[in-house]
Structures are given as C-alpha cells and as structure tokens.
Amino acid sequence: MTRYLVTSALPYANGPIHFGHVVGAYLPADVYVRTLRMQGEEVLYVCGTDEHGVAITIGAEKDGIAYPDYVARWRGVIKETFDRLGLEFDIWSGTSVCPQHAALSQDFFRRIDGNSYLLQRETEQLYCTTDAKFLADRYVTGTCPSCGYEAARGDECPRCAKWLNPLDFADPRCKVCGSRPERRRTTHWYLDLPKVRDEFLGGWISGHEWKPNVGTFVENQMKEIEPRPITRDMSWGVPLPAGTRGDIAGKVLYVWFDAPIGYVSFTQEWAARAGRPDDWKRWWKDADTRLVHFIGKDNIPFHCVVFPAMLYATKDGYVLPWHVPANEFYNLQGRKFSTSQGWTIPLDEFFARYDAQAARFYLLSSAPETKDSEWNWKDFQSCNNAQLADAIGNLVTRVLKFVDKHYAGHIPACAPEHEAELERVLFGECGAFGDPAEHVRAFKFRRAAEQLIENARVANVFVDRSAPWSLQKTDPARAASVLSTCAEWIGYVARWMAPFMPHKAQAIWEMLGQSDAVTARGWPQRPAPGAWRIGLAGAKLGPVAGLFPKLDDKQIAAEIAALEERSKAATGA
RNA sequence: GGCGGUGUAGCUCAGUGGUUAGAGCAGCGGCUUCAUAAGCCGCGUGUCGGGGGUUCAAGUCCCUCCACCGCUACCA
C-alpha cells in the first residue's frame, strides 16, 4: 500500500529561521502531512538541522564556543519556532548528533565510489599556515587583477563585479589573520554527475512530472552539469570512510553531500527509537513509497538533480523523489527578509502579541507558490479580521450563542420532515463549496485556504436565508432544525480546518460539545444531502467564546513603524 | 555577461490555446439584526507592460523592446 515519506529542507544550524523559511518548506509540509493522516494514509514526516560546513565553524569561532554547542543552540532555537507554529515532525534530529548519520554518509560514499561514480582531482588551493587550514575563496582577500581594487574578495570583486579566482591574486591575504597564504596541492573527490546524467538521470528528469517553476530550471541544469566536489579540507564534518584509496587525512564530506543523507539517517534514528531498527527500509527502499521533498527554490538543484543522482549512484535500491513542491521566495513588505539590515519580524515579540494559528493561515494563504510573494502587515490584518474573525469566528459564535440561549446549551435535532428541504437549500442555494484536501494534495495551499473560507461562507448564507431568529417566533420547530443543520456544518468546518489551524479546529470542536480529537473521525467525505450529519444533536455545548480577536489599525501601524525603526537602527541611517 | 522569473481591476493575486478575463480585500448602494459594528444581496468598458508574428481562435505559443526581481552552484 502507498505510503508517504515527507521531508522539509534541513534548516542550516547557524541562525534563526524566519517566516520565509516557514512558509516555503515547513508549513505546507505540515498541512500536507496532517491532511493525509486524516485521510487515513500512512505518513512519515522527517526533519532536523544541517550542522556541518564552513559557515558553522566560522559562526562558532566568532561566538567563541565549541561547534557542537553552537549547532545545539540553533537546533534548539529553530525547534522552538517550529513548536510555536505547531509544526510536528515524527523525528527531529541533526546531522552532527544523529547516531546513524556518519556511518550512513560514509556508506553512501563507499557505495558511490565502489560503483565508479567518483573522480579524484588534484587542485591547488590557498593554505594559511598560521590558521593551519585551507581557505575558502571568500576568506581570501587581495588586489583585483582586473581593476586594481585593493580589497577584492576571493570570489568576486565588489568594485568591478568580476568573478575572481583567489589563486590569481598577486598579494593574497588570509581574511582571518591577515597573513599571506601559500599554495598547496590537495586532492578531492568529485561526484561524476555527467556520467549519472547520461546513464540515468537525464531520462528520469525529462520523464518526471515537475511543478512548472521546477521543470524548466532542472532541464536546463542537465545541459551544463559538471562533476561536483564532495570533499573538503576541514575538521568539522563526517570523515571520509577508512579504507578509501588516497590521502584522506584532514578531509571530510562536503556539507551538501552529507546533508540530504540526513533525511535517511534521521529515518533510521526514528526506526531505532521505535524499537524496529529495520523499519526505515520500508520507507526508503520500497516502491510503494512516495517521497515528497518540501523546499524553497534555492534548493531545487540539490533535490531534483544532485540528491537523486546520489541515491541512484549507490545502486542500493533507494526510492527517488515523487514530488518536489518547491516554493519561490517570501519577502517582507516589499523587501527581502534580512536580519543584518533589521528587516525582520522578531518571532518572540510576534508570538507574544499574535496568534500563531492565525499566522499559519495567513502564511499559507499568501504562500509563494507560483512566484515570489510577501508578508504584508495590512494584509495580515485584513486576513485575520475579514476571513478568520468575520467569516469563520463570527459564524461559530452567531450560531452557537443562539443555540446556547434558546436550547439551553444543547444542540437541537433536525426534525425528519425538515431535512430534505433544508438540505436542498444548504447544498443547492448557498454557494459552492469544495474539498480543501483536493487542493492540498495538488500542493495548492493558497487555493485550499480559500476553499476553507468559501465553505464557511456557505453556512453564513444558509443562516441568513433561514433567519432562525424569525422562525423562533413563527415556527420554533423549524428554527431548531435550522440550528441543528448549522451546527453540523460547523462541525465540517472544524474538521476541514484542522490541518491548517489544528488548535482552533479543536477549540471549535469542543465548543460543539465534543470531547474527542477533531481529527478522530478522519477526513470528512464531501457532504451530500441525506447522509452527512455526524450526530452532533444532543451534545452539550462547551463554553462559546470568540476564536480570533480582531487586529486594529493602530496596532498594525505600530508594527510597520517598528519595522522601519529596526531597519534604520540596523543600517545606521 | 549568462540563466531564469515576473509584469492581469485601486491593493494582493488566480487564470490545461477556446463562450461576454475571474477571486479576495478596499469602495459604493440596498436588506437584515442571531453574532466579534458581524451577516446577506447587488455594482468592475481592466490598452491582460509596449510592439510584431503564428492560429479559425492568444492573457495563454514565438520574436522583440521596456520595467522590476532572483540565481550564477567552492561561505548551500
């Protein structure tokens, strides 16, 4: 039977994440997973931090703490944000702490090497004898051979924008200590991507179905593909496996190589913890698995080209991605999120003032699915007030407070003689409704969010058309049937919204007098006349209260002003 | 420079080559009063960035120009 293995891009453990990351790779995945689970699918959701690489070592040294402490700190900070947003993984780990990670990464290297998909190349690189390490391009500075600018970076000249090779500097200097680095020869292993492409990957990619924003990009990549180095001269990372032919001293796997293997090693960790150490194979080596990678667009080459090439090159029976629903980028009020320039939303402050569930909904309904989009404070206000508070929140209170007042807090039953007619009106005359899950399965989360609101509006129209406040005086029996019908529909709304706003959905469910989980009965079938009521009649309502407080203009204006202030302070303007 | 993307209603955006191009928000008018001053109904002549082309048919495909944006892969 089909099972779904869902991953979100491993966040890099060198800083906090912002809403752009959240909406790109995490929130859609969480909603996808929750929806499929309610539909009875078998799903595993894997994530954790990516903890190796030069950026980590630089960051840790700057902060004066050990590498493991540094990544542990960010692993924790990032997880805290995910917790606040209600993102729930089956396993959350990290590439430097997952017990299975190093061995599995080495196993990948060994198999790929054994299958002759690795090349060895000797190159010259700058080596700083003071710091006793090879220098990445950007950590070399010197005089631009093209325009003579004296503080050019090793990768690019900031003045003439020319691409540079630090070996071309006549006066290279180590950016860390200022001393003059020397040239040294070093050997590295390269993944022979052209070979994998010709043998398999090219055909697989052109025969695969991709999101439009992914397909053209990846096809293009195929043409210019080159062998990629998969080793580095540094200490922080997974050492090359013992027994590898050649000089492996001081070399580790390049971070991009070991990072995606984290998806697999974390799955192994999950299985081991569950006491079924071999269970991970069912997920990674069985043709019934549908592997779905949620990522931002910057990760497309890795997940559509490089990682599939790695999986194939092991010749070890791994499944390849089924879908890669990559998102574009998410900005903030017209500009890129930038911590250094103060163009951010500090999440501590945000969660102190705003509802994380409302944020989930707004993020999803503004997600950059087809093109870049943005967080806009006024849109957030409008979404919260008009869609969540008015369309959904008010629907719940207007109906349930009425029930509370006139039926002593118990949901009335629908009289059999009223059913057919009320349902004819509800299903035929109150506007279109649909199944949000259909859009979720198609990775159209904005549309799914919209559908949820449309479905709630159906009940508002029904209430207006039925006018139970008038019936209460003229035909109380019919009024009871109307309210019963409304309450049942609200039960559907609660279940439809469970993947989007799990806590709010549960709150509505409890207001309807239910004590089990809103997800307990699974995903609702599309309601249809005659057979859709799930029997809420008779239930004693829980306390009915507003679900979504409104956000006023002053508050939003203050947020925008604070954003401008932070930006000015950070850039010294 | 190279590659890619975007440009549709005041704003944010949907729109497999096929009826008079749509939604939400904002705005205007009316109805209603159960509810978080909430709800419902009605109201859009938009150079689909400009120009050219292919086609019976183009927002949709091709060329070109303009504007904005991203990436360019040894710091993911």
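Within every chain, residues take consecutive numbers counted from 1 along the sequence as written. Whichever chain is written first becomes A and whichever ligand is written first becomes 1, with later ones labelled in order. Owing to the predicted nature of the model, reporting of local features is limited to residues with pLDDT of at least 70; listing and counting of side-chain atom pairs is limited to 80 or more, with chain, interface and lining totals taken over all residues. In computing side-chain properties, one takes all heavy atoms of the structure into account and sets aside hydrogens as well as water.

RNA strand B sits among 45 residues. The nearest are Tyr254, Ala259, Thr370, Asn394 and Lys401. What qualifies as a polar contact is a pair of N or O atoms within 3.5 Å, subject to a donor-acceptor requirement within protein and to the restriction that residues adjacent in sequence count only when both atoms come from side chains. Separating a phosphate oxygen of RNA strand B from a side-chain N or O atom of tyrosine 12 is a distance of 3.2 Å. Within the contact set of RNA strand B, a sugar or linking oxygen lies 3.2 Å away from a side-chain nitrogen or oxygen of arginine 228. Counting from the N terminus, the helices are the DSSP runs of H or I reaching at least four residues and the strands are the DSSP runs of E reaching at least two. Residue assignment for the surface near RNA strand B shows that the elements contributing at least two residues are α6 (212-223), β10 (228-229), α7 (255-273), α12 (377-406) and α15 (445-466). Looking at which element gives the most residues to the surface near RNA strand B, the answer is α12, with 12 residues. Nearness is judged by heavy atoms alone; a residue qualifies as near a molecule or strand once a single heavy atom is within 4 Å of it.

So, on to the pairing of strand β1 (residues 3-8). Here β1 lies mainly inside the structure; 6 of its 6 residues are buried. The buried label goes to any residue with under 20% of its type's maximum accessible area, the exposed label to any with over 50%, and the partly exposed label to all in between, with areas taken from a 1.4 Å probe on protein chains only. Every second residue of β1 is oriented toward a common face, with Arg3, Leu5 and Thr7 on one face and Tyr4, Val6 and Ser8 on the other, all of them buried. Paired strands, as defined in this entry, are two strands with at least two bridges between them according to DSSP. In this structure, β1 lies alongside strand β13 (residues 289-294), joined through 6 bridges in parallel fashion. For valine 6, the partnering residue across the bridge sits in β13 and is valine 292.

Burial runs high along strand β2 (residues 42-49): 7 of the 8 residues are buried. Relative to β2, β1 is paired through 5 bridges, and the arrangement is parallel. Bridged to leucine 5 within β2 is leucine 44. When the strands point away from the viewer, a crossover counts as right-handed if the path from the first strand over the helix to the second runs clockwise. In terms of handedness, the path from β1 via helix α1 (residues 19-38) over to β2 forms a crossover that is right-handed.

This part is about helix α11 (residues 356-365). Across the 10 residues of α11, 9 count as buried, placing the element largely inside the fold. Turning to α11, its buried residues are Ala356, Gln357, Ala358, Ala359, Arg360, Phe361, Tyr362, Leu363 and Leu364. Sitting at the head of α11, aspartate 355 places a side-chain oxygen 2.7 Å from the backbone nitrogen of glutamine 357.

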